[in-house]
Amino acid sequence: MQGQDNLLENPDYYQNRELSWLDFNARVVEEADDPTNPLLEQLKFLAIGSSNLDEFYKVRVAGLQDQLKMGVSEPDTKKQWTPKKQLQEITIKNQEQVRRQYALFEKKKKELENYSISFTTVDELSDDDRERAKGLFKYEIAPAITPYGIDAYRPFPHLTDGVLHLFVRLEKSGKPFIAIVPVPQRLNRLFSLKKDGEILLLFSEDMIYSFLSDLFKGYKVTYSFTFRITRNADLEIQEEGAEDLLSVIEDYLEKRKNGMAVRLEVDNRRTSQSVEKDITYLKKELSIKQRDIYYLDGPIDLTCLHEAVDILKDTGLNLSFETFDPSYPKIFEKQSIYDLTADQDLFFHHPFDSFQPIIQFIEQAVADDRTVAIKQTLYRVSQDSPLVQALERAAKKGIQVTVLVELKARFDEANNVHWARKLEEAGAHILYGVKGLKTHSKATLVIKKETRGFRRYAHLGTGNYNEQTARLYTDMGLITADKEITQDVFDFFNYLSGYNEQPPYHYLHVSPFDIRDAFIENIEKEITLHRRYGNGHIIAKMNSLTDKMMLLKLYEASQAGVKIELIVRGICCLIPGIQGVSENITVRSVIGRFLEHSRVYYFYHNGEENLYLSSADMMTRNMIKRVEIAFPVLDEKWKRHIISILKMYLYDNVKAWNLNADGLYEKTKPGNRTPIHAQKELMHLENTLNTSKKRNVLHRIRSFITQRS
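Worth saying up front: this structure is predicted, and the values here are computed from it rather than measured.

Draft legend 1. Local environment of the pairing of strand E15 (residues 443-450). With 7 of 8 residues buried, E15 lies mostly within the body of the structure. Pairing between strand E11 (residues 371-378) and E15: 5 bridges, direction antiparallel. Across the sheet, the residue bridging to Ala373 is Ile447, located in E15. Bridge analysis of E15 against strand E16 (residues 453-461) gives 8 bridges, and the strand direction is antiparallel. Bridged to Leu445 within E16 is Ala458. Between E15 and E16, which pair antiparallel and follow one another directly, the connecting turn spans 2 residues.

Structure, rendered in structure tokens:
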């Protein structure tokens, strides 16, 4: 057994987490070259790829750079790479991927020209259009511009994270001068000129570049180029001894604005050898390494393509996805959520099912005089959240409202601080989570005093209580009145709010540690049953798979002969198809219109079929550094329904990528087979609540799979 353990420690059997993430982002970017996506949607995928990469540098790369600066040389647990080695490999892979991203942008620009839409520069405009552009600069841009000279009396300015800047070389009376011009964040990045049925799109920084002389009267502009820095946002929140965590978070947000520079991007289209001294100057001022400088053959920060889509969406050219309205059964208009839940569990698969019933679950509780208490965890909510507004009304009405607001939800801290203060002012009892852990669970409990006494109702889900992202992310959830599950949820909230040890739950598994222990136990049981019956089968759908203990256990199950099918959207540190190690494992990633976000774990158990939904991925941070919930699906109807959905994703041959034994992802193609596009098919299937008036969704999905497999 010891020899087997040593075999599985071979670094060749694992993917590096950071490079696997870059592979995921490459799959996102490649959606910009998928003809099944309309042209404006392709632009969005390029924008999403840029946004993803910004966060990757602010957090993951920044963390590795910090380790390197502190002299940490400890290798990662899987690939055995030191921080220095990881940074080197990230640079090699990402430089190549960024070149691919900008090559695709050039390709999309040419395709847009077929629709009389052009990304252009001031230099390419006719004289008349140049005058129009100058008018835009004069009235829409120049009033907001503040140039910063650099000399003995004017030090190098603070460069804000993510903001575009122009580095300007000037001359007067034979003397050289340097200035930096920030492009204000609240300016439009893109401006459009319409002419004879043509739409011309101009970048704000290009207009500033073209009319720089208007900003420096009496000076000659020698040359200029655009650049941007990314700063470290991976700062540690010091909770120790904090009496007011709200104040700690607010202080942390201020510090994050001034984090160390971790990346420098330079628009390479107007640079030459003569600017190398200026790049060297910036490197010194920003304390940045050469490996973290990116010379881009196009405009910096392609997230601006979201703005381009907004400008172009009303052109009538039909270049976007058709509008999709989630299913909302009329029964929700006639019957309360609570009356329906009294008879059966309600299952929701967003965004195919509307998020509105989840909002109603709270709003109807607020309106009911029998409601005694509402308890909820909030991780990421929208800016104008109807759920939080309903909780405010509940607190003001005298209902006992307990809300855990996770203040440490990265990049949502400010929004969560705002809602925490609002809810406190309304009279709600606010919890700020568990010391040293993030509370990532998605749980709501409503307690009512009914005729026969107190009754509890719970919602448990895989995704955030955010009605906006519920239209963009795929997530699953249940509303139930099951006595033991609602008792578990009741105990869970008391564990969070009081001085209690983890309670013994009937059905819930709650991390830290318990979810991993439960999954390991399920895998070990699957191995034992497979050795007896030969029918072992595990299906797991998640965002990321990185936890070493889970990887080892999945390899062990594969070696025992268990069939393992993994649907992992993002990072996957496991390599399938290795002879003697993982030949019984397949891994696929589905990238589509909606962000795959649901976590589903299925264990065949010789027909017993344990099925769990969870807020947790198989990542170490989810297993031991967060408060997470995994909960079983007990209703046989919904269990069959979810298994069928999983199989649909496993048969997808339009939007799926398969990971091979070389650690490379290959896009699936229908070939001569019937195209199976899981998300598209799910958009066309009806939602049902098991009523005679509705078609049985389970039957439709299973028939669909039978016909196409």
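Next comes the rest of the write-up.
Draft legend 2. Summary view of the side chain of Glu628. Among the secondary structure elements, Glu628 is positioned in strand E25 (residues 626-632). In this structure Glu628 is buried but unpaired, with Arg626 as the nearest side chain of opposite charge at 4.0 Å. In this structure the side chain of Glu628 is engaged in a polar contact, spanning 2.9 Å, whose partner is the side chain of His440. For Glu628, the side chain forms a polar contact with the side chain of Asn622, separated by 2.5 Å. Discounting residues that sit within four places of it in the chain, Glu628 has contacts with His440, Ser441, His509, Val510, Ser511, Ile515, Ser615, Ala616 and Asn622.

Draft legend 3. Representation of the pattern of salt bridges. Within this structure, the stated rule accounts for 44 salt bridges. A salt bridge links Arg228 to Asp301; its shortest N-O distance comes to 3.5 Å. With Arg228 in strand E7 (residues 220-231) and Asp301 in the loop between strand E9 (293-296) and helix H9 (305-312), this residue pair connects regions lying 73 residues apart in the sequence. Of the residues examined, Asp301 reaches a relative accessible area of 13% and is grouped as buried. The network of salt bridges with common partners includes Glu30, Asp33, Arg100, Lys107, Lys108 and Glu111.

The rules behind each value
- Residues numbered from 1 in each chain as written.
- Predicted model: local features only at pLDDT ≥ 70, side-chain atom pairs only at ≥ 80, totals over all residues.
- Heavy atoms only, no water.
- Buried < 20%, exposed > 50% of the residue type's maximum accessible area, 1.4 Å probe, protein only.
- Helix = DSSP H or I, 4+ residues; strand = E, 2+ residues; numbered from the N terminus.
- Pairing = 2+ DSSP bridges.
- Lys, Arg positive; Asp, Glu negative; His and termini not counted.
- Salt bridge = Lys/Arg side-chain N within 4 Å of Asp/Glu carboxyl O.
- Polar contact = N/O pair within 3.5 Å; in protein donor to acceptor, adjacent residues only side chain to side chain.
- Contact = heavy atoms within 4.5 Å.

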